[in-house]
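Architecture at a glance
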Amino acid sequence: MATVGSTALRARFAVVLSELYGREVPAYRTLVEVAHQVNADVVARSGESAERLGSLDRVTAERHGAIRVGTPAELAQVARVFAAMGMHPTGYYDLRDASASSVPVVSTAFRPLEADELAANPFRVFTSVLATSDRRFFSADLSTRLQAFLSRRRLFADELLELADRAVAEGGLSEEDAQTFLTLAAGSFALSAEPIDRTWYRELEQVSAVAADIGGVGSTHINHLTPRVLDIDALYAAMSARGIAMIDAIQGPPRWAGPDVLLRQTSFRALAEPRQFREADGSVSEGSLRVRFGEVEARGVALTRAGRARYDEAVAAVDAAAGSGGDDAAAVWAGFFPATEAGLYAEGLGVCTVTAVPDRAGVGAPEGSTAELLRDGWLRADPVVYEDFLPRSAAGIFVSNLSEAGSKDTDVAGADLDAEWLEGVLARPLHDPFDLYEAQHQASLSTARRRLGL
Ligand code: OOG
Ligand code: NI
C-alpha cells in the first residue's frame, strides 16, 4: 500500500488550507496574485541573486498560517496533528508583554526542522494559546467561566487525532487515510456557521478582542495565511494601488541598502465577515466580525544570538529616533548592521552555511579561523534564511488589526507561563531556533574543513 509520508502530508495540507482560506476570504486570493506578480518582477529584475534566500518555487509555494487555541489540552492536540506533517514546535513567544494592548497569549510555531524538509515545503503555523489563568487580563470569576466554556468544546475529531498518531507511529498513511486526515484537519480550521453568543462574546471583547476570538466561539479557525514576497515595499504599494486598505506600517527592520535580516511583515486590514449571533432572548441575528486579515512577509538572513541582540538594540534606537522627530530608520539601522552579507558573517551576526573552495592552485594552504578562511576565499558563504517569527512584530500584527485595545491590569502579577511550561503542555521538545541555526552552520563547517584537509 502506497504511503503518504509527513512531507507530502504537509505540502498537501498547505494547499488544502490555502484553497479553504481563499474561498472564505477572497481578498487573500488577490494578495497571493499580487505576491506572485511582485516575485516574478523581482526575479526578472535581479536574476539569480533574488533566489539566494530560497528558490522561486519554494517562495511561491511558501505560506505560514496562524491559529489560536484556548487551552493547554487543545494545544497538545494541535501538536499531535502537526507532528503527522513533520512540523515541530519551535520557539517561545510571549505576546502578553510585547505590546501596550491586551494580547493575552503565548505562542510557538510548528515547522519543519531540517534544511531539506524546509526546502521541500516550509509550511509553518504560528500557534497561540490563551492565557486564561493570567489575572492581568481575566478576573478569577471570568477565568473560571472561560475555562468551563473551553472545556466543553472539541476542536479536533477523535478520528483526526488517531490518524495523526498513526501517521507518526507508522511513518505515513495510506492514500485513503491521508485524504480523510487532510479533510478533517482542514475542516477543523474552517470558519463555523454556528451562532455566537452575543453577550459572552462582548464580555470577553471588553478584556481583549483576541480573547473573544478564541474563547467566545465554540470552534477555532485559521486566522490568516501568509504568502512570502521578495519585495514587501513593492507589494504594499501594489495592494494600496488596488484600493485595499493596508495597516499603517511594515513590521520589523526598515528598508535599507544593506542585507535584509529576519522578517518584515505587513497585512491588509481585517475585513468584516458575516457571522450569526444568538441574542440574550434566544433569537438569532446577522452581524459581522473583523478578525481575519491578510498578512504578507519578506524573509531575510537568520541572525545568531549576538545578531538578535543587535537587532533588539537597533529596533529600540529606531523607536527613540522616531519619538524624537527624526525618523530616518534606514540611517539609524546603518549604525547597527554592516552593509554587506559578508560583514554580517565576519562580525558573527548572521547565520550562513559554508562550502569548501579547495581548488585554488598557487595560493598556498588554507589556514586560520573561519573568518580568515572566508576572507581568503577558501570558504564560500551562503545565507541561511530566517524560518521563525518575531514577538514584537507578532504583537504588532495582532494589535494593528484590533479595533479596541482591551484592558490589562498591570498592578497584579501575571501567570508564570514560560517556555518550560509550554514544553510540558506540548509533551515533546520545544526547539530553540538559535540552536537549530547554529547546528546547521556547524555541520556545514565540519564538512568544509574536512574537504580542505583541516
Ligand atoms: C498571530 C499573529 C502573529 C506573525 O506572523 O507574526 C503572526 C495571530 O494573529 O494569531 O502570525
Ligand atoms: Ni502571521
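See above for the structure.
Here the residue index of a chain counts from 1 through its sequence in written order. To label them, take the chains in the order written and letter them from A, then take the ligands in the order written and number them from 1. Whole-chain, interface and lining totals are the exception, using all residues; otherwise, since this is a predicted model, local features are given only for residues with pLDDT of at least 70 and side-chain atom pairs are given and counted only at 80 or more. The basis for the side-chain values is all heavy atoms of the structure; hydrogens and waters are excluded.

1. Here's the deal with the site of ligand 1
In the vicinity of ligand 1, the contacting residues are His64, Ala66, Arg68, Phe126, Asn223, His224, Gln265, Phe293, Glu295, Phe389, Ala394 and Phe398. Counted as a polar contact is a pair of N or O atoms within 3.5 Å, where, for protein atoms, one must be capable of donating a hydrogen and the other of accepting one, and residues adjacent in sequence contribute only when both atoms are in side chains. Between ligand 1 and the protein, one listed contact pairs an oxygen atom with a side-chain N or O atom of His64 at 3.0 Å. Residue Gln265 places a side-chain N or O atom 2.8 Å away from an oxygen atom belonging to ligand 1. Note on areas: Shrake-Rupley with a 1.4 Å probe; residue coverage comes only from the protein chains shown. Protein contact buries 100% of the 320 Å² of open area that ligand 1 shows by itself. The helix count covers DSSP runs of H or I at least four residues long, the strand count covers runs of E at least two residues long, and both are numbered beginning at the N terminus. At the level of elements, strand 2 (63-69) and helix 16 (391-400) are the ones that each hand at least two residues to the shell around ligand 1. No other element matches the 3 residues that strand 2 contributes to the shell around ligand 1. Here, proximity means that at least one heavy atom of the residue falls within 4 Å of the molecule or strand.

2. Regarding the pairing of strand 5 (residues 124-130)
Most of strand 5 is tucked away, with 7 of its 7 residues classed as buried. Relative accessibility decides the category of a residue: with a 1.4 Å probe and only protein chains considered, values under 20% of the type maximum give buried, values over 50% give exposed, and everything between is partly exposed. Burial along strand 5 is two-sided: Arg124, Phe126, Ser128 and Leu130 and Val125, Thr127 and Val129, pointing in opposite directions, are all buried. For two strands to pair, DSSP has to find at least two bridges joining them. Of the strand pairs in this sheet, strand 2 and strand 5 are connected by 6 bridges, and their pairing is parallel. Its bridge partner lying in strand 5, Arg68 is registered against Ser128.

3. Regarding the pairing of strand 9 (residues 263-268)
Burial runs high along strand 9: 6 of the 6 residues are buried. The two faces of strand 9 match: Leu263, Gln265 and Ser267 on one face and Arg264, Thr266 and Phe268 on the other face are all buried.

4. Looking at the packing of helix 2 (residues 26-46) against helix 11 (residues 232-241)
The axes are straight lines fitted to the C-alpha atoms, using for helices just the contacting stretch, and the angles between their N-to-C directions are given from 0 to 180°. Two elements in contact, helix 2 and helix 11, have axes separated by 10 Å at closest approach and are oriented at 135°. If you check the angle between helix 2 and helix 11, you find them oblique. Our pair here, helix 2 against helix 11, has a crossing hand that is right-handed. Packed against helix 2, whose contacting residues are Thr30, Leu31, Val34, Ala35 and Val38, the element helix 11 presents Ala234, Leu235, Ala238 and Met239 at the interface. Three classes are used, and their members are as follows: Ala, Val, Leu, Ile, Met, Phe, Trp, Tyr, Cys and Pro are nonpolar, Asp, Glu, Lys and Arg are charged, and the others, Gly among them, are polar. When its residues are assigned to classes, the contact of helix 2 with helix 11 shows 8 nonpolar, 1 polar and no charged. When an angle is under 35 degrees it counts as roughly parallel; over 145 it counts as roughly antiparallel; between 65 and 115 it counts as roughly perpendicular; any other value is oblique. Should the near helix be turned counterclockwise from the far one by less than a right angle, the crossing is left-handed, whereas a clockwise turn marks it as right-handed. We call two residues in contact whenever any of their non-hydrogen atoms come within 4.5 Å of each other.

5. Focus on the pattern of salt bridges
Any Lys or Arg side-chain nitrogen located within 4 Å of an Asp or Glu carboxyl oxygen qualifies as a salt bridge. For the structure on display, the rule yields 41 salt bridges. Arg145 is the salt-bridge partner of Asp141, the closest N and O atoms lying 3.1 Å from each other. Note that Asp141 and Arg145 are positioned in helix 6 (residues 140-151) at a spacing of 4 residues, about one turn of the helix. With a relative accessible area of 33%, Arg145 lands in the partly exposed category. In this structure, Arg255 engages Asp233 in a salt bridge whose closest nitrogen and oxygen atoms are separated by 2.4 Å. Taken as a pair, Arg255 in the loop between helix 11 and strand 9 and Asp233 in helix 11 lie far apart in primary sequence, 22 residues in all. Residue Asp233 is classed as partly exposed on the basis of its relative accessible area, which comes to 22%. Among the charged side chains, a network of salt bridges with common partners joins Arg58, Glu62, Arg124, Arg228, Glu297, Arg299 and Glu387.

6. As for the coordination of the nickel ion (ligand 2)
The donor definition counts N, O and S atoms within 2.8 Å of each metal and applies 3.2 Å to Na, K and Ca; water is not among these atoms, so some sites may look incomplete. At this site the nickel ion (ligand 2) is bound by His64 (NE2), His224 (NE2) and Glu295 (OE), with donor distances of 2.0 to 2.2 Å. Of note, the nickel ion (ligand 2) draws all its donor residues from one chain, in the sequence arrangement H-x159-H-x70-E. A residue pair is termed long-range when its members are at least 10 positions apart, and His64 in strand 2 and His224 in strand 8 (residues 224-227) qualify at 160 residues. Note on accessibility: His64 and His224 belong to one class, buried.

7. Considerations on unusual backbone geometry
Its identity is not glycine, yet Leu262 carries a phi of approximately 55°, on the positive side. Even without glycine at this site, Ala427 takes up a positive phi of about 55°. Tracing the backbone shows Ala427 in the loop between helix 17 (419-426) and helix 18 (433-451). The exposed category is assigned to Ala427, whose relative accessible area is 64%.

8. A closer look at the nonpolar core
As used here, the term nonpolar core means buried Ala, Val, Leu, Ile, Met, Phe, Trp, Tyr and Cys residues forming a set that is joined through side-chain atoms within 4.5 Å. Leu95, Val105, Phe138, Leu262, Tyr311, Trp333 and Phe337 are the most contacted members of the largest nonpolar core, which totals 66 residues. When residues of this core are assigned to their parent elements, the largest contribution, 5 residues, is made by helix 12 (residues 305-323). Ignoring anything within four residues of it in the chain, the contact list for Phe138 reads Pro104, Leu130, Ala131, Thr132, Ser143, Leu146, Leu204, Val207 and Ala211. With 65 residues, the next largest nonpolar core counts Leu9, Phe82, Ala415 and Val425 among its residues.

9. Looking at the packing of aromatic side chains
Note on aromatic contacts: the rings of Phe and Tyr and the six-membered ring of Trp form a pair at centre separations within 6.5 Å, being stacked when their planes are under 30 degrees apart, edge-to-face when over 60 apart, and tilted otherwise. In the structure shown here, the tally under the stated rule is 14 aromatic pairs. On the basis of an interplanar angle of 45° and a centroid distance of 5.2 Å, the ring pair of Phe82 and Phe110 is categorised as tilted. Here the residue Phe82 occupies a position in helix 4 (residues 72-83), and Phe110 occupies one in strand 4 (residues 105-111), the gap between them amounting to 28 residues. Phe110 matches Phe82 in its accessibility class, with the two residues each being buried. Ring-pair connections join several aromatic residues into one group, and the members of that group are Phe13, Phe82, Phe110, Phe123, Phe156 and Phe189. Stacked on the ring of Phe389, the Lys or Arg Arg299 has its end atom at 5.4 Å from the ring centre. Geometrically, a charge over a ring is one whose NZ (Lys) or CZ (Arg) sits within 6 Å of the ring centre while staying within 35 degrees of the ring normal.

10. A word on the sheet that holds strand 10 (residues 273-278)
The pairing of strands in a sheet comes from backbone hydrogen bonds and takes either a parallel or an antiparallel form. The 3 strands are arranged 7-10-11 in an open sheet whose pairing can be described as mixed. Looking along the sheet, the strands with just one partner apiece sit at the ends: strand 7 (196-197) and strand 11 (284-289). In this sheet, strand 10 lies alongside strand 7 in parallel orientation, the contact comprising 2 bridges. Bridging from a neighbouring strand, Asp197 pairs with Arg278 of strand 10.

11. Structural notes on the sheet that holds strand 5
Reading across the sheet, the 5 strands line up as 3-4-5-2-8 and stay open at both edges, with mixed pairing between neighbours. Of all strands in the sheet, those with a lone pairing partner are strand 3 (88-94) and strand 8, marking the two edges. The sheet shows a mean angle of 20° between the axes of neighbouring strands, taken without regard to direction.

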